[in-house]
Amino acid sequence: MSFSSMLRHRLFNRFGSTQAGPSRWTSPGHQEKPNGYLFNRTPPPPGQSRKWEDWELPCYITSFLTIVILGVGLNAKPDLTIETWAHQKALERLQMEKSE
């Protein structure tokens, strides 16, 4: 047995083989292939709307309010950058020099 075949054999036995059968990374009940629907949810019949789950409305309301509060709060925060402070000090000094 050559080194490469021995290494391949050890890797496949350790990390799951490419052959059909049980693997250490899957368990019965896991879907093998995606079915093409978002979140594996089949669409409702034509003419019917999807029923919201219990968590959706509070989550959407909280997300909307968070965006509004952050938008207002971040736009209303004071400008405390060093550049703004230095600009104000320079304007004050120029005003003092003009008044003297």
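Every value quoted in this text rests on a predicted model; they were computed, and no experiment measured them. (Residues numbered from 1 in each chain as written. Predicted model: local features only at pLDDT ≥ 70, side-chain atom pairs only at ≥ 80, totals over all residues. Heavy atoms only, no water.)

1. Details of the overall build of the protein chain
In step 1: Across its full length, the protein chain holds three helices and zero strands.
In step 2: Reading the protein chain from its N terminus to its C terminus gives the helix and strand order α-α-α.
In step 3: Looking at the protein chain residue by residue over its 100 residues, the buried ones come to 1%.
In step 4: Summed over its atoms, the accessible surface of the protein chain is roughly 10,100 Å², and 62% of this surface lies on carbon and sulfur atoms. (Helix = DSSP H or I, 4+ residues; strand = E, 2+ residues; numbered from the N terminus. Buried < 20%, exposed > 50% of the residue type's maximum accessible area, 1.4 Å probe, protein only. Areas by Shrake-Rupley, 256 points an atom, 1.4 Å probe, with all protein chains shown as cover.)

2. Focus on the packing of aromatic side chains
In step 1: Counted by the stated rule, this structure contains one aromatic pair.
In step 2: For the pair Trp-52 and Tyr-60, a centre-to-centre distance of 5.4 Å together with 80° between the ring planes defines the contact as edge-to-face. (Phe/Tyr/Trp six-rings, centres within 6.5 Å; stacked < 30°, edge-to-face > 60°.)

3. With respect to helix 3 (residues 82-99)
In step 1: Under the 1.5 Å per step criterion, the end-to-end length of helix 3 is 26 Å for 18 residues, consistent within 8% with the ideal 26 Å.
In step 2: With respect to burial, helix 3 is a largely exposed element, only zero of its 18 residues being buried. (Expected span 1.5 Å × (residues − 1).)

4. Brief notes about the pattern of salt bridges
When charged atoms on two side chains of opposite charge get close, those side chains can pair.
In step 1: In total, this model carries three salt bridges according to the counting rule given.
In step 2: A salt bridge links Lys-89 to Glu-92, with the shortest nitrogen-to-oxygen separation between them at 3.8 Å. Placement of the pair is Lys-89 and Glu-92 together in helix 3, with a separation of three residues, close to one helical turn.
In step 3: Accessibility expressed as a relative area gives 34% for Lys-89, which makes it partly exposed. (Salt bridge = Lys/Arg side-chain N within 4 Å of Asp/Glu carboxyl O.)

5. Here we look at the side chain of Glu-56
In step 1: Residue placement: Glu-56 occurs in helix 2 (residues 56-76).
In step 2: Polar side-chain contacts of Glu-56 include one of 2.6 Å to the backbone nitrogen of Glu-53.
In step 3: With residues up to four places along the chain from it excluded, the contact list for Glu-56 reads Arg-50 and Lys-51. (Polar contact = N/O pair within 3.5 Å; in protein donor to acceptor, adjacent residues only side chain to side chain. Contact = heavy atoms within 4.5 Å.)

6. Some words on the confidence of the model for the protein chain
In step 1: Averaged over every residue, the pLDDT of the protein chain is 83; residues scoring 70 or more account for 75%.
In step 2: Here helix 1 (residues 3-15) is the element of the protein chain with the lowest mean pLDDT, 71, and helix 2 is the one with the highest, 96. (pLDDT = per-residue confidence, 0-100.)

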